[in-house]
Amino acid sequence: MNKKKYQIIIFVYQNLTKYLYKKFAIQYLEKNGEKIKFLNILKLVNKKVYYEYKNEKKLKSRIFKNIESYSELFNEIKQGKSRILFFNAAGNNNFAMLIINIYLKIKQAYGFKIISGGTLIEEKKLKVHEQLKKLRYFKFNSVLNFFKRKFVLFLNSFFQPKLKFQIVGSPKIFDPLCKISIKSHSYEYLGFLEKKKHNKKENYFLFIDQARDHTFDHKINFGKNVFINKENYYKSLSQLFSIIEKTHKTKVVIASHHRRLGKFPYLNKRKIIKNKTLELILKARGVITHDSLATRYAIFANKPIIFIFNNDLKNSRPEKTKTIKGISKILGSICLNLDLPKKKITKIIFSSKNLKIDKKKYENYIKRYLVFPDKIQKLNPYILLTKKYNQYVEQN
């Protein structure tokens, strides 16, 4: 093997939960002694959110480190003897990554991307007047944060180190500026292949929770200013679940988001399960979702899907609502505004009583957005990256 030292650094802004432990393939990477590090810079990105999640249930790993200060961060980076390959999973809309990008550019680091598909389809971009219109629903501090994020994104576009590799998990998403592209199946597809033998139907519908009332990313970007009226949101969800249960003679189970803190108001009488989303989807009669990436599991498993949004989401995140409507149209699925009158919602749900899906539309969607038509290695993207980078180091 080439004696040149090398190191891969992945910047994240989340604690090491059970979900991330599996997604990042940490057990495999530790076992095989790969020279890779995950640096959690949440405290540098947003101190308030860091302390809010400080007691979150998390796992430990020798290759996953929680960074407390910039001096500690730079000491970790300096341990890479040669040119570093790094992946920014913490976003470019914060000052912490701006400082890191400048530092890495000085060190002549190479960047790489893991593109697993992003949203379920290309997120619908808003025109300038649409961007400004949605600001009417933001509080003053949120408006300031919105423009601050845009400014930092602009600065980061100048200081971002050169992109060397990209791991592409979707045939529709590709960065033409990157010279070395590696095809990879998405994390969700690999998970489905591993568990698909358990695809047996039980009598329940599954709601995929995204903590949409106040998401982790929202707390990072906008702080305490919530765009969704929590009471209205949960009461509307509870009403929808009751209608589904009555119409389909079933029950609704909730797959809790892995980063959710606290309980579900108005929904706690229903069964709530964490860290079992894939298994729950495979056994469900149908799925209720906004635009969670876990919806891919339901598509692979040919499950009927009810897509939902409400007026708060429509007004504050119109790009999300456009995406939700877009995928429901492609799949021929129900798309429902939770703020519609109860009679209208009941009528829409009753019309779905036979729970049939359009298999051809599902198959076309999978081929177009989720998997490559040619045969490629069925490896976790992070494992694939280390293997390809090892080969690159040996050859250069």
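The structure this text deals with has already been given above.
Keep in mind that what you see is a predicted model, and the values were worked out from it rather than measured.

Q: How do you make sense of the pairing of strand β8 (residues 205–208) when you look at a structure like this?
A: Side-chain positions along a regular strand alternate between the two faces of the sheet. Because side chains alternate across β8, one face comprises the buried residues F205 and F207, and the other comprises L206 and I208, equally buried. Here 4 bridges tie β8 to strand β9 (residues 252–256), and the two strands are oriented parallel to one another. From the neighbouring strand, L206 faces β9, where its bridge partner is V253.

Q: I tried to follow the packing of helix α15 (residues 318–331) against helix α17 (residues 359–370) on my own but got confused; where do I start?
A: A packed helix pair is summarised by two numbers, namely the angle formed by the two axes and the spacing between the axes. At a minimum axis distance of 8 Å, the contact between α15 and α17 shows a crossing angle of 125°. On the basis of the axis angle, α15 is oblique to α17. Contact residues: I327, K329, I330 and L331 in α15; K361, Y362, Y365 and Y369 in α17. Of the residues belonging to the contact of α15 with α17, the class tally is 6 nonpolar, no polar and 2 charged.

Q: Looking at this structure, how should I read the packing of aromatic side chains?
A: The relative placement of two aromatic rings is captured by the distance of their centres and the angle of their planes. Applying the stated criterion across every chain yields a total of 18 aromatic pairs. Ring centres of F38 and Y382 lie 6.2 Å apart, and the angle between their planes is 50°; on these two criteria the pair is classed as tilted. Of the two residues, F38 sits in strand β2 (residues 36–40) while Y382 sits in helix α18 (residues 381–395), which places them 344 residues apart along the sequence. Here F38 falls in the buried class, since its relative accessible area comes to 0%. Overall, the relative accessible area of 7% leaves Y382 in the buried class.

Q: Which parts of the structure should I look at to understand the sheet that holds β9?
A: Hydrogen bonds along the backbone pair up the strands of a sheet, which may run parallel or antiparallel. Taken together, the 6 strands give an open sheet; going across it, the order is β10-β9-β8-β11-β12-β13, and neighbouring strands pair in parallel fashion. Since the sheet does not close on itself, it has two edges, and those belong to β10 (272–274) and β13 (334–337), each with one partner. The average undirected angle you get between the axes of adjacent strands in this sheet is 25°. One ladder, built from 3 bridges, connects β8 with strand β11 (residues 286–289); its direction is parallel. Bridge assignment links F205 to a residue of β11, and that residue is G286.

Q: What is the right way to look at a positive patch on the surface in this model?
A: Together, K18, K22, K57, K200, K276 and K283 line one region of the surface with positive charge. For K200, the location among the structural elements is in the loop between α9 (187–195) and β8. Given the relative accessible area of 60%, K200 is considered exposed.

Q: Explain unusual backbone geometry to me, please; I cannot follow it from the model alone.
A: The general pattern is negative phi for most residues beyond glycine and trans for most peptide bonds. The phi angle at A211 is positive, at roughly 50°, despite the residue not being glycine. Its location among the elements puts A211 in the loop between β8 and α10 (216–222). With a relative accessible area of 8%, A211 lands in the buried category. One non-glycine residue, N302, lies in the positive phi region at around 55°. Checked against the element boundaries, N302 lands in the loop between α13 (295–300) and β12 (305–309). Taking the relative accessible area as the measure of exposure, N302 reaches 33% and is therefore partly exposed.

Q: Please clarify how the nonpolar core should be interpreted in this entry.
A: The biggest cluster of nonpolar side chains holds 33 residues, and the ones touching the most others in it are L206, I281, I299, L331 and L370. For this core, the secondary-structure elements that each account for two or more residues are α9, β8, β9, α12 (277–283), α13, β12, α15 and α17. Looking at this core element by element, the count peaks at 5 residues for α17. Residues in contact with I299, not counting those within four places in the same chain, are I305, I327, L331, Y362, Y365, I366 and L370.

Q: Where do I start with a nonpolar patch on the surface in this structure?
A: Side chains of F95, I102, I106, F151, F154, F158 and F159 sit close together on the surface and give an oily, nonpolar patch of about 710 Å² of accessible area. Within the residue set of the nonpolar patch, elements represented by two or more residues are α6 (95–106) and α8 (140–159). The biggest single contributor to the nonpolar patch is α8, with 4 residues.

Q: Looking at this structure, how should I read the packing of helix α5 (residues 70–78) against α6?
A: Contact geometry of α5 with α6 gives a least axis separation of 12 Å together with a crossing angle of 35°. As α5 packs across α6, the resulting crossing turns out to be right-handed. The residues of α6 that touch α5, namely those facing Y70, L73, F74, I77 and K78, are A96, I99, I100, Y103 and L104. In terms of residue class, the contact of α5 with α6 is built from 9 nonpolar, no polar and 1 charged.

Q: It is not clear to me how the pattern of salt bridges should be interpreted in this structure. Could you clarify?
A: Pairing of side chains with opposite charge becomes possible as their charged atoms draw close. Taken as a whole and judged by the stated rule, the model has 14 salt bridges. Among the ionic pairs, E188 bridges to R296, the shortest N-O distance being 2.6 Å. A residue pair is termed long-range when its members are at least 10 positions apart, and E188 in helix α9 and R296 in helix α13 qualify at 108 residues. What makes E188 buried here is its relative accessible area of 4%. A salt bridge links K235 to E231; the nearest nitrogen and oxygen atoms lie 2.8 Å apart. In this pair, K235 and E231 are both assigned in helix α11 (residues 230–248), 4 residues apart and thus about one turn of the helix distant. Taking the relative accessible area as the measure of exposure, E231 reaches 42% and is therefore partly exposed. Connected through salt bridges with shared partners, the residues D209, D213, K230 and R260 form a single ionic network.

Conventions and cut-offs
Residues numbered from 1 in each chain as written. Predicted model: local features only at pLDDT ≥ 70, side-chain atom pairs only at ≥ 80, totals over all residues. Heavy atoms only, no water. Buried < 20%, exposed > 50% of the residue type's maximum accessible area, 1.4 Å probe, protein only. Helix = DSSP H or I, 4+ residues; strand = E, 2+ residues; numbered from the N terminus. Pairing = 2+ DSSP bridges. Axes fitted to C-alpha atoms, helices over the stretch in contact; angles between N-to-C directions. Parallel < 35°, antiparallel > 145°, perpendicular 65-115°, else oblique. Contact = heavy atoms within 4.5 Å. Nonpolar A, V, L, I, M, F, W, Y, C, P; charged D, E, K, R; others polar. Phe/Tyr/Trp six-rings, centres within 6.5 Å; stacked < 30°, edge-to-face > 60°. Patch = residues over 30% accessible without salt bridge, like charges linked within 9 Å, V, L, I, M, F, W, Y side chains within 5 Å. Areas by Shrake-Rupley, 256 points an atom, 1.4 Å probe, with all protein chains shown as cover. Salt bridge = Lys/Arg side-chain N within 4 Å of Asp/Glu carboxyl O. Lys, Arg positive; Asp, Glu negative; His and termini not counted. Charge placed at Lys NZ, Arg CZ, Asp CG, Glu CD. Core = buried A, V, L, I, M, F, W, Y, C linked by side-chain atoms within 4.5 Å. Left-handed = near helix turned anticlockwise from the far one by under 90°.

Coordinates in, geometry out; function isn't part of it.
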